[in-house]
Amino acid sequence: MNPSVPPSAADYGGDEVSAIVLDPGFSTTRAGFAGEDTPKSLIPTYYGKYSFEGQGKLIYGDDIFVTPRPGLSIHNPIGRDGIVDDWDMAEKVWEYSFTSKLTGAKPGNPLLNGLNDIPEGELPAEMEGVESDEKPLADSPLLMSESSWNPTKAREKTIEIAMEKWGTPAFYLARNGVLAAFAAGKASALVVDIGASNISVTPVHDGMILKRGVQHSPLGGDYVSSQIRALFKSNIPQPITITPHYLISSKTAVEAGQPPRAKYKTFPPERAPDASYRTLLEERTLSEFKECVVQVWPGPTKLSATGPNGVPNEEMARSSPGRPFEFPDGYNQVFGVDRYRVVESLFDAKSAIPDPDSALPAPTQAQTVPELIKAALNGVDVDIRAHLLANVVVTGASSLLYGFTDRLNHELMQLYPGPRVRISAPGNTSERRFSSWIGGSILASLGTFHQMWISKKEFDEHGPSIVEKRCK
Amino acid sequence: MAAADVRDMLDLPAEGQQRPHKKQKVVEKRPEGITRELFALLGERAPPIAINENRYKGRPKRLDRRPVRSWRMIPFTNGARSDGLILRHWKVQPEKSGEESQTNAEHEALKPVEEEYPFVKYNVKARVPNRYTTEEYDRHLQSKDWSREETDYLMGLVEDYDLRWVLIADRYDFEPKPIETTEDPSTALVPHKEPRTMEQLKARYYFVAATMLALEHPPSEMSEAEFDLHEKMMKFDAKREANRKELAGLQLDRTADEVREESILLEELKRITANEQEFVTDRRELYSRLDVPISVGNATNYHNSQGLSHLLQTLLQADKSKKRRSLLGPEGIISTPGGQTPITNAPGSARESSRADTPNAGPVQPPTTKKAAAAAAAAANKEAAQQAIRTLTPAEEARYGVQHHDRLAPGVQFRSDRAQKLTQAKSHVQTQKLASALAELEIPLRLVMPTERVVKDFEKLIHSVNLLLDARKVSEKVENEIRVLESAKEERARKAREAREKAKPEVKSEQQDDDDAPIPSAPDANNNKGDTSKADDIGGGQARPSTSSGPANGPEGDTTSGTDHKGVSHKRSASVLSNASDKSSKRQRK
């Protein structure tokens with residue numbers, strides 16, 4: 001294949017207009033050019049706030065993890081339910097996500113992007129062009145994703161920001177459930193999205209969500225983290241405290257289960273960062289723990305139930321070899337059956353580890369994944385239920401928990417023994433994590449999609465309410 | 001990417017000469033850690049594990065030496081949009097020569113290219129019916145269940161969602177206006193809102209759409225597709241649809257046990273049908289075996305009595321082992337294949353009778369063949385069988401086509417053949433006459449359905465036709481004679497007159513002598529034909545066809561019964577007549 005020959009448009013239906021796809025999530029914000037296979041820009045949605053010489057300063061992106069500045073506090077503009085709380089900061093964080101790596105300070109045609117400018121002496125002829133160029137997205141249509149339960153007000157606010165603050169020539173707001181279905185190559189699917197703050201089940205039919213079937217509950221990755229914290233508190237040889245790396249100055253190896261021997265850094269109170277900074281970094285350690293240790297009991301029955309051969313599943317889990325984990329301070333331990341227990345409550349609310357200190361309330365059975373799916377299916381027409389069950393798309397970074405899809409498969413088979421249940425979950429980690437961004441990337445680079453953009457002109461004519469009419 | 005390529009792409013002037021292309025030497029280098037001898041042993045075949053060398057992949061060779069084409073960011077408009085949004089995409093610039101293209105391109109880049117956007121053609125909308133006017137609504141579409149506003153809302157949704165009912169039902173959220181009262185607005189009632197089901201929405205929409213379609217084209221003028229659509233929409237039954245959905249829901253929510261039971265039942269059903277198939281093939285094989293005459297080839301074995309008795313024995317053995325008693329009588333008169341063939345082919349009792357008869361053929365065969373040698377051996381067996389066999393009533397006999405023959409010709413013969421033979425007379429002329437007579441009666445020469453009764457009647461018919469033909473022949477003969485005699489008589493009378501003129505007594509004696517001969521013949525003929533034929537005879541040649549065709553044209557029964565008794569007398573009289581005429585002709589010759 002000769003790369004210099006363009007594929008004919010009829011072959012893949014693509015037509016790239018250098019659109020930018022922005023997929024804001026609770027934990028991370030993904031941005032990139034449409035038509036690419038992964039987002040070029042991946043930043044945490046958290047931002048840092050501190051004051052330096054009496055001035056308030058803000059930091060975004062990966063910078064927030066690096067330096068424990070004095071008084072640095074970490075915030076998230078998005079609420080736990082996935083809806084934006086703080087619009088000013090959300091706008092800034094999102095803007096950072098594409099200006100930092102995609103568009104640059106002065107976006108535009110590479111011929112005119114300043115590198116090939118005529119040397120001094122000649123002033124730019126058009127003054128009004130300069131004004132529009134100051135807006136970061138003047139050249140790129142913008143496709144944004146949103147959660148399926150985003151209220152109308154939030155949607156209108158989003159298009160206002162995009163049109164008025166960023167000056168995008170065209171805008172579209174798509175549901176991330178739909179985009180995830182597109183990324184899996186399906187127009188109709190039941191999208192199970194296990195995110196950081198929320199898990200959601202979205203029935204998608206012909207590229208549109210079925211609003212009455214949308215279900216969500218707060219048992220996301222952060223909930224699993226809180227379960228792990230609860231587990232650490234009641235850990236058997238000794239309660240485990242997570243000490244993030246920035247507080248460790250040096251450590252020596254210790255035997256498993258032995259108290260850590262490490263030298264800690266101390267910050268004087270006026271130099272110390274805020275507690276939220278520590279929480280953020282603890283969360284990173286917990287993410288690592290989730291990736292390395294935590295495992296979902298594969299089923300087919302619950303962890304608390306008795307297995308098919310009469311042995312309780314807990315016994316079976318105990319007999320399987322444990323997994324070791326070393327914390328930043330050098331403490332290490334092998335985790336046995338506990339590594340199953342911390343996620344079991346995603347499927348069985350009763351087996352949640354009780355933790356009175358946790359910010360998250362104890363889960364109810366209705367919030368578990370199988371119940372959400374059941375509720376979602378009951379909310380849609382009976383004729384498409386079987387089709388949806390045959391097209392379950394699992395996405396979201398927390399769905400990468402080891403054995404999650406197997407267990408989900410077993411649960412669904414038990415719930416619906418009749419129809420065929422088929423789960424499609426990409427094996428590729430980045431496809432699972434960014435599937436709604438990838439779906440947006442596909443959508444925004446389709447030639448047939450360009451008639452759906454809300455243009456600046458239409459926005460000026462109809463006002464922000466057009467988003468409800470057009471992005472159905 | 002070389003600097004030259006970048007320049008090419010951006011259409012910047014090339015800097016100096018193109019550098020000569022370096023040829024890359026492809027030499028398989030021996031990886032480190034493998035001795036030369038060992039590497040040589042690897043030979044031509046590549047090792048199963050790729051040995052990676054630490055070097056960059058070479059750039060792919062460009063085959064054509066032309067400069068790269070230039071791509072341009074070109075603005076375009078989309079015909080499917082109404083707002084003329086200008087977006088920009090990269091396009092290959094059609095190749096142009098030299099400097100002037102560059103300036104042109106600069107200009108072109110500023111205004112959108114006026115060409116059809118290729119994706120516009122995919123912008124299709126579902127066909128929705130015309131919107132009704134207020135007048136039309138009031139006249140045809142009123143419903144006590146649906147307000148005008150709600151119907152409008154529904155039609156809008158249908159258009160928005162392109163008739164995707166799942167989505168329409170999902171998004172349907174009609175807010176009825178509060179009922180206006182004269183009192184203060186805070187007490188205004190909001191009508192109770194009950195969620196509409198998809199079936200209700202469909203029923204309403206189909207009603208509206210069908211009515212609008214019928215208003216546009218009355219059903220008599222619709223095209224076929226439109227008419228089908230109209231029919232389908234008119235026939236939509238919301239209740240049935242709702243019931244179907246309920247059942248579908250039940251089917252989806254089966255418990256694991258139910259599913260297991262169903263799968264077991266399905267398995268069972270599959271097994272049964274498979275077995276049935278097997279059973280059917282087995283049975284067919286059995287039938288084909290029973291229907292085929294046993295060893296037709298070497299019938300010579302059974303031409304002597306020994307062979308026959310041997311055959312009988314084997315057949316009896318087979319019969320016993322089958323342990324099947326035949327339904328039909330031990331008289332076994334029916335069972336010669338000759339008498340049987342048409343009956344077994346008859347639709348009603350075909351299978352049963354053939355099945356029942358075939359095994360019976362064994363014991364029955366001997367009496368029909370001339371040899372009764374094996375009768376003794378069969379006797380005991382037969383008697384035992386006789387008790388188990390019931391006799392048939394005449395009605396049953398008729399139904400099963402059982403007949404009793406006194407004497408049977410050996411071998412197979414077809415009744416249709418017999419009927420065919422009847423139509424063949426000895427002479428060709430006669431055959432033709434027979435055929436024309438049948439044609440006149442509108443009876444086909446070859447019988448369509450040669451059943452027993454039909455063939456019998458046919459036989460009778462042919463017989464009487466033959467008689468009639470004979471009678472005609474005879475009557476023709478007699479007429480001829482009469483004419484001859486009359487002419488002779490005239491001749492004589494003339495002669496007599498001449499003679500009288502000469503000598504009277506001579507003539508007288510002669511006349512007396514001549515009259516003696518014809519007198520006995522005339523009353524004979526009259527007797528034969530009866531009164532009617534007498535009149536015919538007098539009428540002469542012209543009346544002759546009516547004698548033969550007259551009775552033939554009449555009803556069939558009449559001819560048969562009428563000619564039957566006449567025919568007998570005819571035969572006799574014909575011979576008498578011919579004798580008589582013979583005599584007279586001889587006399588004439590004298």
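Report on the accompanying structure. Keep in mind that this is a model prediction, so the values were computed, not measured. (Residues numbered from 1 in each chain as written. Chains lettered and ligands numbered in written order. Predicted model: local features only at pLDDT ≥ 70, side-chain atom pairs only at ≥ 80, totals over all residues. Heavy atoms only, no water.)

Turning next to the overall build of chain A. Across its full length, chain A holds 17 helices and 19 strands. Counting the 472 residues in chain A, one finds 50% classified as buried. Partitioning the contacts of chain A with sequence separation of at least 6, the portion at a separation of at least 24 is 68%. Carbon and sulfur atoms make up 52% of the accessible area of chain A, which amounts to about 21,000 Å² in all. (Helix = DSSP H or I, 4+ residues; strand = E, 2+ residues; numbered from the N terminus. Buried < 20%, exposed > 50% of the residue type's maximum accessible area, 1.4 Å probe, protein only. Contact = heavy atoms within 4.5 Å. Areas by Shrake-Rupley, 256 points an atom, 1.4 Å probe, with all protein chains shown as cover.)

All names here are of chain A. The 6 strands are arranged β3-β2-β1-β7-β8-β19 in an open sheet whose pairing can be described as mixed. Each end of this open sheet is capped by a strand with a single partner; those strands are β3 (41-44) and β19 (454-455). Relative to strand β2 (residues 28-33), strand β1 (residues 20-24) is paired through 5 bridges, and the arrangement is antiparallel. Looking across to β2, one finds that Ile-20 is bridged to Phe-33. (Pairing = 2+ DSSP bridges.)

A few words on the environment of Gln-215 of chain A. Residues and elements named next belong to chain A. Note that Gln-215 resides in strand β12 (residues 215-217). In the structure, Gln-215 is positioned 157 residues away from Leu-372 in sequence and 6.0 Å away in space, judged by C-alpha atoms. Setting aside its immediate chain neighbours within four residues, Gln-215 contacts Ile-199, Ser-200, Val-201, Leu-372, Ala-375 and Ala-376.

Bringing the sheet that holds strand β5 (residues 55-59) of chain A into the picture now. Residues and elements named next belong to chain A. In space, the 3 strands of this open sheet follow the order β5-β4-β6, with antiparallel pairing throughout. Bordering the open sheet on either side are β5 and β6 (73-75), each of which pairs with just one other strand. Each strand axis lies, on average, 30 degrees off the axis of its neighbour in the sheet, ignoring direction. Here strand β4 (residues 47-52) pairs with β5 via 5 bridges, running antiparallel. The residue of β5 that forms the bridge with Gly-48 is Ile-59. (Axes fitted to C-alpha atoms, helices over the stretch in contact; angles between N-to-C directions.)

Here the focus is the pairing of strand β7 (residues 142-146) of chain A. All names here are of chain A. Counted residue by residue, β7 has 5 buried out of 5 residues, so it is predominantly covered. Looking at chain direction, β7 and strand β8 (residues 170-175) are connected through 5 bridges and run parallel. Residue Leu-142 lies in a different strand from β8, and its bridge partner there is Phe-171. With respect to chirality, the unit in which β7 leads through helix α5 (residues 152-165) into the neighbouring parallel β8 is right-handed. (Right-handed = clockwise from strand over helix to strand, strands pointing away.)

Each partner contributes to the interface: chain B provides 38 residues, whereas chain A provides 44 residues. As a salt-bridge pair, Lys-245 of chain B and Asp-383 of chain A come within 3.9 Å of each other at their nearest N and O atoms. For the pair chain B and chain A, the interface holds 19 residue pairs in polar contact (both at pLDDT 80 or more). Listed by contribution, the elements that provide at least two residues to the side of chain B that touches chain A are β1 (71-77), β2 (86-92), α6 (165-171), α9 (238-252) and α10 (256-291) of chain B. The class makeup of the residues in the side of chain B that touches chain A is 21 nonpolar, 5 polar and 12 charged. (Salt bridge = Lys/Arg side-chain N within 4 Å of Asp/Glu carboxyl O. Polar contact = N/O pair within 3.5 Å; in protein donor to acceptor, adjacent residues only side chain to side chain. Nonpolar A, V, L, I, M, F, W, Y, C, P; charged D, E, K, R; others polar.)

All names here are of chain B. On the surface, Val-6, Met-9, Leu-10 and Leu-12 cluster together to form a nonpolar patch covering roughly 310 Å² of accessible area. Structurally, Leu-12 is set in the loop between α1 (3-9) and α2 (36-42). Relative accessible area serves as the criterion here: at 43%, Leu-12 is assigned to the partly exposed category. (Patch = residues over 30% accessible without salt bridge, like charges linked within 9 Å, V, L, I, M, F, W, Y side chains within 5 Å.)

Residue and element names in this part refer to chain B. Close contact between helix α5 (residues 148-160) and helix α7 (residues 198-216) brings their axes to 11 Å; oriented N to C, the two are set at 90 degrees. The angle between the axes of α5 and α7 places the two elements in the roughly perpendicular class. Every residue of α7 that contacts α5 at Thr-151, Leu-154, Met-155 and Val-158 is listed here: Leu-201, Arg-204, Tyr-205 and Val-208. Broken down by class, the residue content of the contact of α5 with α7 amounts to 6 nonpolar, 1 polar and 1 charged. (Parallel < 35°, antiparallel > 145°, perpendicular 65-115°, else oblique.)

Now for the packing of helix α7 (residues 221-233) of chain A against helix α8 (residues 275-292) of chain A. Residue and element names in this part refer to chain A. Relative orientation of the contacting elements α7 and α8 amounts to 90 degrees, with a least axis distance of 10 Å. Here α7 is positioned roughly perpendicular relative to α8, judged by the angle of their axes. Residue-level inspection shows Gly-221, Asp-222, Val-224, Ser-225, Ile-228, Arg-229 and Phe-232 of α7 in contact with α8, the latter providing Thr-279, Glu-282, Glu-283, Leu-286, Phe-289 and Lys-290. A breakdown of the residues in the contact of α7 with α8 according to their chemical character gives 5 nonpolar, 3 polar and 5 charged.

Ranked by internal contacts, the top residues of the largest apolar core, which has 76 residues, are Phe-232, Phe-289, Leu-346, Val-369, Ile-373 and Phe-404 of chain A. With 9 residues, the top contributor of residues to this core is α7 of chain B. Here this core gathers at least three residues from each of two domains, domain 2 (185-218 + 363-425) and domain 3 (220-362) of chain A. If sequence neighbours within four positions are ignored, Val-369 of chain A has contacts with Val-192, Ile-194, Ile-199, Leu-346, Phe-347, Phe-404 and Leu-408 of chain A. Counting residues in hydrophobic clusters, the runner-up holds 67 residues, among them Tyr-46, Leu-102 and Leu-179 of chain A together with Phe-119 of chain B. (Core = buried A, V, L, I, M, F, W, Y, C linked by side-chain atoms within 4.5 Å. Domains from an automatic or database assignment.)

What follows concerns the environment of Pro-176 of chain B. By the element assignment, Pro-176 of chain B lies in the loop between α6 and α7. On a C-alpha basis, the gap between Pro-176 of chain B and Ser-147 of chain B in space is 9.0 Å, while along the polypeptide they are 29 residues apart.

Looking at helix α3 (residues 87-103) of chain A, one finds that the buried residues are Trp-87, Met-89, Ala-90, Glu-91, Val-93, Trp-94, Ser-97, Phe-98, Leu-102 and Thr-103 of chain A. Backbone nitrogen of Asp-88 of chain A and a side-chain oxygen of the N-cap are separated by 3.3 Å at the start of α3 of chain A; the cap is Asp-86 of chain A.

Let us now look at the packing of aromatic side chains. Here the structure, examined in full by the defined rule, presents 28 aromatic pairs over all chains. Judged by centre distance (6.1 Å) and plane angle (40 degrees), the rings of Phe-232 of chain A and Phe-335 of chain A are tilted. A residue pair is termed long-range when its members are at least 10 positions apart, and Phe-232 of chain A in helix α7 and Phe-335 of chain A in strand β16 (residues 332-335) qualify at 103 residues. Each member of the pair, Phe-232 of chain A as well as Phe-335 of chain A, is classed as buried. A ring pair is formed by Phe-327 of chain A and Tyr-331 of chain A, whose centres lie 6.1 Å apart and whose planes are at 40 degrees; its orientation type is tilted. There is no split in this pair, since Phe-327 of chain A and Tyr-331 of chain A are both buried. Through a chain of ring-to-ring contacts, the aromatic side chains of Phe-232, Phe-289, Phe-325, Phe-327, Tyr-331 and Phe-335 of chain A assemble into a single cluster. When the ring centre of Phe-65 of chain A is taken as reference, the NZ or CZ atom of Arg-284 of chain A above it lies at 3.9 Å. The positively charged end of Arg-196 of chain B is found above the aromatic ring belonging to Trp-146 of chain B, 3.9 Å away from the centroid. (Phe/Tyr/Trp six-rings, centres within 6.5 Å; stacked < 30°, edge-to-face > 60°. Lys NZ or Arg CZ within 6 Å of the ring centre and 35° of its normal.)

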